[in-house]
Amino acid sequence: MKKDNSRPWWKDAVVYQIYPKSFQDSNGDGIGDIRGIIQRLDYLRDLGIDAVWISPMYRSPQADNGYDISDYCDIDPMFGTLADMDELIRQAKKRKIRIIMDLVLNHTSDEHPWFIEAKKSRDNPYHDYYVWRDGEEGVYPNDMKASFGGPAWEWVPELKQYYFHQFAVKQPDLNWENPKVRREIYDMILWWMDRGVGGFRLDVIDQIAKEPDRGITNNGPRLHEFLREMSRETFRKGDLITVGEAWGATPEIAKLYSNPDGSEFSMVFQFEHSMLDQQPGKEKWDLRPLPFIELKQCLARWQTELYQTGWNSLFWDNHDLPRIVSRWGDDGTYRNESAKMLAAVLHGMQGTPYIYQGEELGMTNVTFESIGDYRDIETVNLYHERLEKGYEEADIMKSIYAKSRDNARTPMQWDDSAHAGFTSGTPWIAVNENYRQINAEAERKDPDSVYQFYKKLIRLRKDYPVFADGKFELLLPEDGQIFAYTRTDEDMQMLVCANFTGEPAKCSLPGKWKDAGTLIHNYEGDVCGDTMRPYEAVILLQKRGK
Ligand code: TEU
Ligand code: CA
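Computed from a predicted structure; not experimentally measured.

What is the right way to look at the site of ligand 1 in this model?
For ligand 1, the set of nearby residues contains 16 residues, the closest of which are Asp-64, Asp-203, Lys-284, His-319 and Asp-320. The contact in question runs from an oxygen atom of ligand 1 to an N or O atom on the side chain of His-107, over 3.0 Å. Within the contact set of ligand 1, an oxygen atom lies 3.0 Å away from a side-chain nitrogen or oxygen of Glu-378. Protein contact buries 94% of the 480 Å² of open area that ligand 1 shows by itself. Of the residues that constitute the shell around ligand 1, the class distribution is five nonpolar, two polar and nine charged.

Dropping the structure here:
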């Protein structure tokens, strides 16, 4: 199959996300580390991915598992050393895997030297690196709230000022209006580029250009000006993959982030689809069943709007989201079938797919008995906040079981030995009990496993350009069970057809395609019948003009 060489490499790439604390521990302290990642690079090569995005490993007090950085140019001792990082980059390169670092540029830790200085006096040269407002103790500048609970303002009595934090109290927001802050950040990015990093994921990048006095957090007026400046000063000097995390993106905004002229990022990582199973206008904890037809409409709209004008990331899971097989599949009877179905539906679309560690095994959510077993600051704060507000404990736990970020953060399940082969010590967060059935070693031996299905999907993307460039068209938009679409390029047309439910579904689409080739299918046997079995999914391909 002919490859279009004018296409940037990352349009044919598949990215794997590692949450380093939970991936592989190499020294028995119960915490995953860089040496552990190096040990597992051959596993990743076998899977066939092109790049690995690793959640932050910089020096950090770990108030938010590394999303609170106290030194951008060093590795936290918990994860290893800078020399280990260099070795990881080198070892990954040998296997043609690029390392994508997670850049947290909206805020630092309150233990960052900049903030320690900033807090010393109003005329300290670092004071203006952060966002301050005068005030009186107990009288907040306004009623803005922080993401992890409580007000977005924290009082510093010595200065008689508040600092602004969109996340935890220990995550003060940086002041991007200050050109010195921007210069420091660009120099730091260039320093990592020199070390051989292959790309960056930009944490909550839509929130950097805040204007708290007007209540503006994301999509501030100067956002794209800052991003273009950053890109010009840094990323564009190399052949990098850059991905901007943007909860507040619309397709219009995404076209700016991922403009094919390369002025900002390679692609956008947006969450519209992932908020559909929460009550509108409420929080993610306020559950509602997934409105399936809206999901189709939402994904289809992004496919259509970004066609040739932008580029999307494709993902179900990350370190902030519950496990997709538990969320929108069936982690019981049809775990294997539904995990594969979800993979096929996602990987058939246009964009760069992201696989979150363990997703390729069909890892599931956890239900820890007590809040004491949870580690995530967001989950723990939510629990106490809702108890205080008078919610029933059982209801709170129900939300946590469905949506806690710790669902994604339990250790990677490598094999059926103690602690799933993740550590020889005591893991920092408990292992999911089902590791004896669900683990990488077993799935690599089993030709019918979720792992093998993912591996094949990754391969298909490399073999058939229609995955990267085919135009998307949604079929059967009103069907309550079937998710079906075509992708069409100059030569080929591909059909992705899936039953999104645990009940048989009427669908004659694959039948009409009876002369087409089957690229992948999650059941044995024919696909030509007019009924699709529970969670059945197939991808068919034919020459155009048929
Ligand atoms: O997440 C952005 C973000 O908005 C999340 O806090 C989100 O609201 C929440 O996870 C939904 O449950 C990024 C990182 O991915 C996350 O891990 C960090 O905690 C956060 O930024 C702060 O850096
Ligand atoms: Ca360790």
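Could you clarify how one ought to interpret the nonpolar core in this entry?
One broad rule of soluble globular proteins: the nonpolar side chains tend to lie buried together. Ranked by size, the top nonpolar core spans 137 residues in total, and within it Leu-105, Phe-200 and Met-230 carry the most contacts. Counting residues in each nonpolar core, the second largest holds 17 residues, with Ile-31, Met-397, Ile-400 and Ile-429 among its members.

Looking at this structure, how should I read the coordination of the calcium ion (ligand 2)?
Between any two of four tetrahedral donors, the ideal angle at the metal is 109.5 degrees; between two of six octahedral donors, it is 90 or 180 degrees. Those protein atoms acting as donors to the calcium ion (ligand 2) are Asp-25 (OD), Asn-27 (OD1), Asp-29 (OD), Ile-31 (O) and Asp-33 (OD), and they sit at 2.2 to 2.4 Å. As a motif over one chain, the donors of the calcium ion (ligand 2) read D-x1-N-x1-D-x1-I-x1-D. Ile-31 sits in the buried class, given a relative accessible area of 15%.

What is the right way to look at the side chain of Lys-21 in this model?
One can find Lys-21 in the loop between β1 (15-18) and α1 (34-39). Buried and without a salt bridge, Lys-21 has Asp-68 as its closest oppositely charged side chain, separated by 8.4 Å. Within the structure, Lys-21 has its side chain in polar contact with the side chain of Asn-65 (distance 2.9 Å). The residues contacting Lys-21, other than those within four sequence positions of it, are Ile-31, Gly-32, Gln-62, Asn-65, Met-78, Phe-79, Phe-422 and Trp-428.

Sorry if this is basic, but what is going on with the side chain of Gln-166 here?
Tracing the backbone through its elements, the reader meets Gln-166 in the loop between β8 (161-164) and α5 (179-194). For Gln-166, a relative accessible area of 6% corresponds to the buried category. A distance of 3.5 Å separates a polar atom in the side chain of Gln-166 from a polar atom in the side chain of Asn-106. Once residues within four sequence positions are removed from consideration, Gln-166 is found in contact with Asn-106, Ala-146, Ser-147, Asp-173, Gln-207, Lys-210 and Thr-217.

I would appreciate a short explanation of the pairing of β1 in the present structure.
Every other side chain in a regular strand lies on the same face of the sheet, so the side chains alternate between the two faces. What you see with β1 is no split at all: Val-15 and Gln-17 on one side and Tyr-16 and Ile-18 on the other are buried throughout. Pairing between β1 and strand β13 (residues 352-356): three bridges, direction parallel. Residue pairing across strands places Tyr-16 opposite Ile-355, the latter belonging to β13. Across four bridges, the pairing between β1 and strand β2 (residues 51-54) is parallel. The residue bridging Tyr-16 from the neighbouring strand is Val-52, located in β2.

Please clarify how unusual backbone geometry should be interpreted in this entry.
Both trends apply: most residues other than glycine have a negative phi, and most peptide bonds are in trans. Its identity is not glycine, yet Gln-62 carries a phi of approximately 65°, on the positive side. Position of Gln-62 among the secondary structure elements: in the loop between β3 (58-59) and β4 (71-75). The exposure class of Gln-62 is buried, given its relative accessible area of 13%. Positive phi, close to 45°, is recorded for Asn-65, a residue that is not glycine. Residue placement: Asn-65 occurs in the loop between β3 and β4. Judged by relative accessible area, Asn-65 falls into the buried class, the value being 10%.

Explain helix α8 (residues 292-306) here, please?
The α-helix advances 3.6 residues per turn, and as a result positions three or four apart in sequence lie on the same side. Here α8 is 15 residues long and its end C-alpha atoms lie 22 Å apart, about the 21 Å a rise of 1.5 Å per residue gives. Those residues of α8 that fall on the buried side of the exposure criterion are Phe-292, Leu-295, Lys-296, Cys-298, Leu-299, Ala-300, Trp-302, Gln-303 and Leu-306. Tucked inside the fold, the buried residues of α8 contact α7 (251-257), β11 (267-269), β12 (313-314), β14 (471-475) and β15 (482-488). Of the residues flanking the end of α8, it is Gln-308, one or two places downstream, whose phi is positive at about 65°.

What's the story with the pattern of salt bridges in this structure? I'm lost.
Here the idea is simple: oppositely charged side chains can pair when their charged atoms come close. Going through the model one piece at a time under the given rule, you end up with 48 salt bridges. One salt bridge connects Arg-7 with Asp-12, and the closest N-O pair in it is separated by 3.0 Å. Residue Arg-7 is classed as buried on the basis of its relative accessible area, which comes to 11%. Salt-bridge contacts for Asp-448 lead to Lys-340; the nearest nitrogen and oxygen are separated by 3.2 Å. Residue Asp-448 is located in the loop between α13 (440-445) and α14 (450-463), and its partner Lys-340 is located in helix α10 (residues 335-347); the two are separated by 108 residues in the primary sequence. Residue class for Asp-448 comes out partly exposed when judged on its relative accessible area of 45%. When salt bridges with common partners are traced through the structure, they connect Asp-64, Lys-284, Asp-320, Asp-376, Glu-378, Arg-405 and Arg-409 into a single cluster.

Would you explain the packing of helix α11 (residues 377-388) against helix α12 (residues 393-403) in this entry?
Between α11 and α12, the least distance of the axes is 10 Å, while the angle of their chain directions is 155°. Taken as axis vectors, α11 and α12 run roughly antiparallel relative to one another. Once α11 is placed against α12, the crossing between them reads as right-handed. Contacts between α11 and α12 involve Thr-379, Leu-382, Tyr-383, Arg-386 and Leu-387 on the former and, on the latter, Glu-393, Ile-396, Met-397, Ser-399 and Ile-400. Here the residues of the contact of α11 with α12 sort into six nonpolar, two polar and two charged.

I would appreciate a short explanation of the environment of Gly-32 in the present structure.
You can see Gly-32 is positioned in the loop between β1 and α1. Here Gly-32 falls in the buried class, since its relative accessible area comes to 0%. In the structure, Gly-32 is positioned 322 residues away from Tyr-354 in sequence and 21 Å away in space, judged by C-alpha atoms. For Gly-32, the contacting residues outside a window of four places in its chain are Pro-20, Lys-21, Gln-24, Asp-25, Met-78, Phe-79 and Phe-422.

I'm lost on the sheet that holds β1 in this one. Help?
Working definition: the strands of a sheet are paired by backbone hydrogen bonds and lie parallel or antiparallel to each other. Spatially, eight strands are ordered β11-β10-β9-β5-β2-β1-β13-β12 in an open sheet, and the strand pairing comes out parallel. For this open sheet the edge positions go to β11 and β12, each flanked by a neighbour on one side alone. Pairing analysis gives two bridges linking β12 to β13, with the strands arranged parallel. Note that in β13 the partner of Ser-313 across the bridge is Thr-352.

Rules of the game
- Residues numbered from 1 in each chain as written.
- Chains lettered and ligands numbered in written order.
- Predicted model: local features only at pLDDT ≥ 70, side-chain atom pairs only at ≥ 80, totals over all residues.
- Heavy atoms only, no water.
- Near = heavy atom within 4 Å.
- Polar contact = N/O pair within 3.5 Å; in protein donor to acceptor, adjacent residues only side chain to side chain.
- Areas by Shrake-Rupley, 256 points an atom, 1.4 Å probe, with all protein chains shown as cover.
- Nonpolar A, V, L, I, M, F, W, Y, C, P; charged D, E, K, R; others polar.
- Core = buried A, V, L, I, M, F, W, Y, C linked by side-chain atoms within 4.5 Å.
- Buried < 20%, exposed > 50% of the residue type's maximum accessible area, 1.4 Å probe, protein only.
- Donors = N, O, S within 2.8 Å, 3.2 Å for Na, K, Ca; no water.
- Helix = DSSP H or I, 4+ residues; strand = E, 2+ residues; numbered from the N terminus.
- Lys, Arg positive; Asp, Glu negative; His and termini not counted.
- Salt bridge = Lys/Arg side-chain N within 4 Å of Asp/Glu carboxyl O.
- Contact = heavy atoms within 4.5 Å.
- Pairing = 2+ DSSP bridges.
- Expected span 1.5 Å × (residues − 1).
- Axes fitted to C-alpha atoms, helices over the stretch in contact; angles between N-to-C directions.
- Parallel < 35°, antiparallel > 145°, perpendicular 65-115°, else oblique.
- Left-handed = near helix turned anticlockwise from the far one by under 90°.

Shape descriptors only; they carry no functional weight alone.
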